[in-house]
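Chains, contacts and geometry: an overview
One-letter residues, chain by chain:
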Amino acid sequence: MKTIHTYDTADAMSRAAANRFALLVDSCAAERSVFNVALSGGETPKRLFALLAAEPYASQINWELIHFFWGDERSVPPDDPLSNFGSAYSLLLSKVPVPPANIHRIQAELGPQEAAAGYESELRHRFRLMPGQLPRFDLVVLGLGGDGHTASLFAGTEALEETERLVVTPWIERFEAHRISLTCPVLNNAAFIMFLVSGDDKAEILKAVLECPAGQYPAQLVQPGDGELHWYIDRAAGRLLTDG
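These lines cover the structure that appears in this document, whether it is placed above or below. Not measured: the values here are computed from a predicted model. (Residues numbered from 1 in each chain as written. Predicted model: local features only at pLDDT ≥ 70, side-chain atom pairs only at ≥ 80, totals over all residues. Heavy atoms only, no water.)

Considering the overall build of the chain
- Helix and strand counts for the chain stand at seven helices and 10 strands.
- Buried positions account for 53% of the 244 residues belonging to the chain.
- In the chain, the proportion of contacts linking residues at least 24 apart, taken out of those at least 6 apart, comes to 76%.
- When the accessible surface of the chain is split by element, carbon and sulfur atoms take 49% of a total near 11200 Å².
- Side-chain charges in the chain split into 20 positive and 31 negative, and the spacing between the mean points of these groups amounts to 3 Å. (Helix = DSSP H or I, 4+ residues; strand = E, 2+ residues; numbered from the N terminus. Buried < 20%, exposed > 50% of the residue type's maximum accessible area, 1.4 Å probe, protein only. Contact = heavy atoms within 4.5 Å. Areas by Shrake-Rupley, 256 points an atom, 1.4 Å probe, with all protein chains shown as cover. Lys, Arg positive; Asp, Glu negative; His and termini not counted. Charge placed at Lys NZ, Arg CZ, Asp CG, Glu CD.)

Focus: the packing of helix H1 (residues 10-31) against helix H2 (residues 44-52)
- Relative to each other, H1 and H2 sit at 60°, their axes nearing to 9 Å. On the basis of the axis angle, H1 is oblique to H2. Judged by the sense of rotation from one axis to the other, the crossing of H1 with H2 is right-handed. Together, Ala10, Asp11, Met13, Ser14, Arg15, Ala17, Ala18 and Phe21 of H1 and Thr44, Arg47, Leu48, Leu51 and Leu52 of H2 make up the contact between the two elements.
- A per-class count over the contact of H1 with H2 returns eight nonpolar, two polar and three charged. (Axes fitted to C-alpha atoms, helices over the stretch in contact; angles between N-to-C directions. Parallel < 35°, antiparallel > 145°, perpendicular 65-115°, else oblique. Left-handed = near helix turned anticlockwise from the far one by under 90°. Nonpolar A, V, L, I, M, F, W, Y, C, P; charged D, E, K, R; others polar.)

A closer look at helix H4 (residues 84-93)
- Buried residues dominate H4, accounting for seven of its 10 residues.
- Its side-chain oxygen 3.3 Å from the backbone nitrogen of Phe85, Ser83 forms the N-cap of H4. (Polar contact = N/O pair within 3.5 Å; in protein donor to acceptor, adjacent residues only side chain to side chain.)

Considering the packing of aromatic side chains
- Per the stated rule, a full pass over the model turns up 11 aromatic pairs.
- For the pair Phe21 and Trp63, a centre-to-centre distance of 6.5 Å together with 35° between the ring planes defines the contact as tilted. Placement of Phe21 in helix H1 and of Trp63 in the loop between helix H3 (57-60) and strand E3 (66-70) is noted, with a sequence separation of 42 residues between them. Neither residue differs from the other here; Phe21 and Trp63 are each classed as buried.
- Measuring from ring centre to ring centre gives 5.6 Å for Phe69 and Phe127, while their planes differ by 40°; the resulting arrangement is tilted. One end of the pair, Phe69, is in strand E3; the other, Phe127, is in the loop between helix H5 (112-126) and strand E5 (139-142), with 58 residues separating them in the sequence.
- For Phe69, a relative accessible area of 0% gives the class buried.
- One aromatic cluster is present, formed by Phe21, Phe35, Trp63 and Phe68 through successive ring pairs.
- The positively charged end of Arg105 is found above the aromatic ring belonging to Phe85, 5.6 Å away from the centroid. (Phe/Tyr/Trp six-rings, centres within 6.5 Å; stacked < 30°, edge-to-face > 60°. Lys NZ or Arg CZ within 6 Å of the ring centre and 35° of its normal.)

Here's the deal with the layout of surface pockets
- Put simply, the largest pocket is a space of about 440 Å³.
- Every residue lining the largest pocket is counted, 24 residues in all, and those nearest its centre are Ser40, Gly41, Gly42, Glu43 and Arg74.
- Secondary-structure elements contributing two or more residues to the lining of the largest pocket are H2, strand E4 (72-74) and H4.
- The biggest single contributor to the lining of the largest pocket is H2, with three residues.
- Within the lining of the largest pocket, the residues separate by chemical class into six nonpolar, 12 polar and six charged. (1 Å grid on protein atoms, 1.4 Å probe; cavity = no way out; pocket = protein on both sides within 12 Å on 5 of 7 lines; lining within 4 Å. Points joined across faces, edges and corners; volume = space filled by probe spheres on them.)

Thoughts on the nonpolar core
- Counting residues in each nonpolar core, the largest one holds 79 residues, and the members touching the most others are Phe21, Trp63, Phe68, Trp70, Phe137 and Trp231.
- Setting aside its immediate chain neighbours within four residues, Trp63 contacts Phe21, Leu52, Tyr57, Ala58, Phe68, Leu92, Val96, Pro97, Val98, Pro99 and Asn102. (Core = buried A, V, L, I, M, F, W, Y, C linked by side-chain atoms within 4.5 Å.)

Points about the sheet that holds E5
- An order of E1-E10-E9-E5-E2-E3 is seen for the six strands of this open sheet, with the pairing classed as parallel. One side of each edge strand has no neighbouring strand; the edge strands of this open sheet are strand E1 (2-7) and E3. Looking at each pair of strands side by side, their axes are set apart by 20° on average, direction ignored.
- Sheet topology note: the E5/strand E9 (residues 192-197) ladder contains three bridges and is parallel. (Pairing = 2+ DSSP bridges.)

All we've got here are geometric facts, nothing functional implied.
Written out as structure tokens, the structure is:
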């Protein structure tokens, strides 16, 4: 079941997402000493990263508890402007006291196949997985592409059908490049999934993803079996929704 949170502006939406991020970390801290989050690339999450790096969150959040992962990555080195890791590092991770050992980036500069294998190995080690088990993230942050993709799960790719591997390297024809992405089963095993969608240009695809029959867009495959699914949107993005 999904919950949709609508806010007047993208800034208000991002502030609400930051509040939820902080509350989730606090909740986990009360139960155990670790919080595992997978971050997203794209423009909308950048507002969230910038907010978390500023007060009051910068001093209130126990950053030492948080282990950072990524839902997907482009096949570029970490200092490339297109790097999802690079974006999160410059806006957030370089500004708060996160132990370097808590940052688990996808080493995309190694090439997609080697990077995916290394990342899957890191996940299996970090989450102490037995064969057949999936990592359970406390939080997964996702965006929504204009074509309905999320992470690097694009329509027409075999990645959508993957059920055994944790990490895939789909070839994206329109970019003429491989991407590296967590698979649907990994995303759907999360305890809390947060979609962030803002802007008038996302209105049509957001309506389609939320209101059309399932199976037409990759983002519709995100349906956690034992977790919460929350959509954080602004009025511009939600202007076409039936209940908007």
